Amino acid sequence: RKEVEQDPGPFNVPEGATVAFNCTYSNSASQSFFWYRQDCRKEPKLLMSVYSSGNEDGRFTAQLNRASQYISLLIRDSKLSDSATYLCVVMNYGGSQGNLIFGKGTKLSVKP
Amino acid sequence: NAGVMQNPRHLVRRRGQEARLRCSPMKGHSHVYWYRQLPEEGLKFMVYLQKENIIDESGMPKERFSAEFPKEGPSILRIQQVVRGDSAAYFCASSPRQTGATEAFFGQGTRLTVV
């Protein structure tokens, strides 16, 4: 089982739609969780951290369910500029490691 | 304050040659991470370095790959005797300390093509 799994998509949605991405992780000891965005042939950029209490940033809402080892990202009122690949990221601390473990990403395409 | 700088942006090497990828972290950052992204794949951790020390190289292939982060100068990822399978985008990230992603910033990457 992969450490971080995401639905690869692609998700093709019209402008204004609401879209949800899901992610599961295998290491129950994982401590930090994030969503990154990666545009085509660009570097990943942090979109938002994910907390158990849930957090919202404008049109974006992230949720974490530790019991189910499940992370979600909801995008409301999709814009053309939201088209990108969304990467679910888990960080496992302990020992000398401080590395980020990336899912393969979910591709979103927002159409006019 | 410049961001994480990687060079070259694009590198073409013939099979058997050496590739050297450079990463200059953000000012004040002493932690560097290297990741590899194969086409249509996610990012894979390769190595985590602090100044003059390799902290975790669990993601590095055992042969042909090495990394360093000297006291002065950029971090270098070195690939000897490149093969076609080494073709990928190599991203470097830096942070001021071992911490969460909120403080890790990525460079624009080096795209290595082996012909």
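Residues numbered from 1 in each chain as written. Chains lettered and ligands numbered in written order. Predicted model: local features only at pLDDT ≥ 70, side-chain atom pairs only at ≥ 80, totals over all residues. Heavy atoms only, no water.

Another point: the overall build of chain B. For chain B, the count of helices and strands is zero helices and eleven strands. Mapped from its N terminus to its C terminus, chain B presents α and β elements in the order β-β-β-β-β-β-β-β-β-β-β. With the principal axes as the frame, chain B shows a C-alpha extent of 35 × 25 × 25 Å. Within chain B, buried positions represent 46% of all 115 residues. Of the contacts made within chain B by residues no fewer than 6 positions apart, 53% connect residues no fewer than 24 positions apart. On chain B, roughly 5800 Å² of surface is accessible, and the fraction owed to carbon and sulfur atoms is 45%. Once the 17 positive and 11 negative side-chain charges of chain B are each reduced to a mean point, those two points are 6 Å apart. (Helix = DSSP H or I, 4+ residues; strand = E, 2+ residues; numbered from the N terminus. Buried < 20%, exposed > 50% of the residue type's maximum accessible area, 1.4 Å probe, protein only. Contact = heavy atoms within 4.5 Å. Areas by Shrake-Rupley, 256 points an atom, 1.4 Å probe, with all protein chains shown as cover. Lys, Arg positive; Asp, Glu negative; His and termini not counted. Charge placed at Lys NZ, Arg CZ, Asp CG, Glu CD.)

Moving on to the packing of aromatic side chains. Summed over all chains, the structure comprises ten aromatic pairs over all chains. With a centroid separation of 5.8 Å and an interplanar angle of 50 degrees, the aromatic rings of Tyr-35 of chain B and Phe-106 of chain B are classed as tilted. On the criterion of sequence distance, the pair formed by Tyr-35 of chain B in strand 4 (residues 31–37) and Phe-106 of chain B in strand 10 (residues 105–106) is long-range, its members being 71 residues apart. In this structure Tyr-35 of chain B comes out as buried when scored by relative accessible area, which is 0%. Judged by its relative accessible area of 8%, Phe-106 of chain B is buried. Members of the aromatic cluster, each reached through a chain of ring pairs, are Tyr-36 and Phe-102 of chain A together with Tyr-35, Phe-45 and Phe-106 of chain B. (Phe/Tyr/Trp six-rings, centres within 6.5 Å; stacked < 30°, edge-to-face > 60°.)

All names here are of chain A. Inspection of every chain in the model, using the stated rule, returns eight salt bridges over all chains. A salt bridge links Asp-82 to Arg-59; its shortest N-O distance comes to 2.8 Å. Here Asp-82 is found in the loop between strand 8 (70–75) and strand 9 (84–91), whereas its partner Arg-59 is found in the loop between strand 6 (55–57) and strand 7 (60–65), with 23 residues between them in sequence. We classify Arg-59 as partly exposed; its relative accessible area is 23%. (Salt bridge = Lys/Arg side-chain N within 4 Å of Asp/Glu carboxyl O.)

Attention now moves to unusual backbone geometry. Of note, the bond from Gly-9 of chain A into Pro-10 of chain A is cis; its omega dihedral lies within 30 degrees of zero at 10 degrees. Residue position: Pro-10 of chain A is located in the loop between strand 1 (4–6) and strand 2 (11–14). A cis amide bond, omega -5 degrees, links Asn-7 of chain B with the succeeding residue Pro-8 of chain B. Tracing the backbone shows Pro-8 of chain B in the loop between strand 1 (5–7) and strand 2 (10–13). Of note in the backbone geometry, Asp-77 of chain A takes a positive phi value of approximately 50 degrees without being a glycine. For Asp-77 of chain A, the position within the fold is in the loop between strand 8 and strand 9.

What follows deals with the environment of Glu-5 of chain A. Here Glu-5 of chain A is to be found in strand 1. Those residues in contact with Glu-5 of chain A, other than ones at most four positions away along the chain, are Asn-22, Cys-23 and Thr-24 of chain A.

Turning our attention to the environment of Lys-51 of chain B. All names here are of chain B. Of note, Lys-51 is situated in the loop between strand 5 (43–50) and strand 6 (53–56). Sequence-wise, Lys-51 and Glu-68 are 17 residues apart; in three dimensions their C-alpha atoms are separated by 8.4 Å. When neighbours within four sequence positions are excluded, Lys-51 is seen to be in contact with Ser-30, Phe-69, Pro-70, Lys-71 and Gly-73.

Glancing now at the state of the cysteines. Tallied over the entire structure, the rule returns two disulfides over all chains. Note on cysteine connectivity: Cys-23 of chain A is disulfide-linked to Cys-88 of chain A, with sulfurs 2.0 Å apart. The sign of the -75 degrees torsion about the S-S bond sets the Cys-23 of chain A-Cys-88 of chain A disulfide as left-handed. Residue Cys-23 of chain A is found in strand 3 (residues 19–25), and its partner Cys-88 of chain A is found in strand 9; the two are separated by 65 residues along the sequence. In terms of burial, Cys-23 of chain A and Cys-88 of chain A fall into one category: buried. Residue Cys-23 of chain B pairs covalently with Cys-92 of chain B via a disulfide, S to S 1.8 Å. On the S-S bond that ties Cys-23 of chain B to Cys-92 of chain B, the torsion sits near -50 degrees, and the link is left-handed. Of this pair, Cys-23 of chain B sits in strand 3 (residues 19–24) while Cys-92 of chain B sits in strand 9 (residues 88–95); the two residues are 69 residues apart in sequence, bridging distant segments of the chain. Owing to a relative accessible area of 0%, Cys-23 of chain B belongs among the buried residues under this scheme. (Disulfide = S-S within 2.5 Å.)

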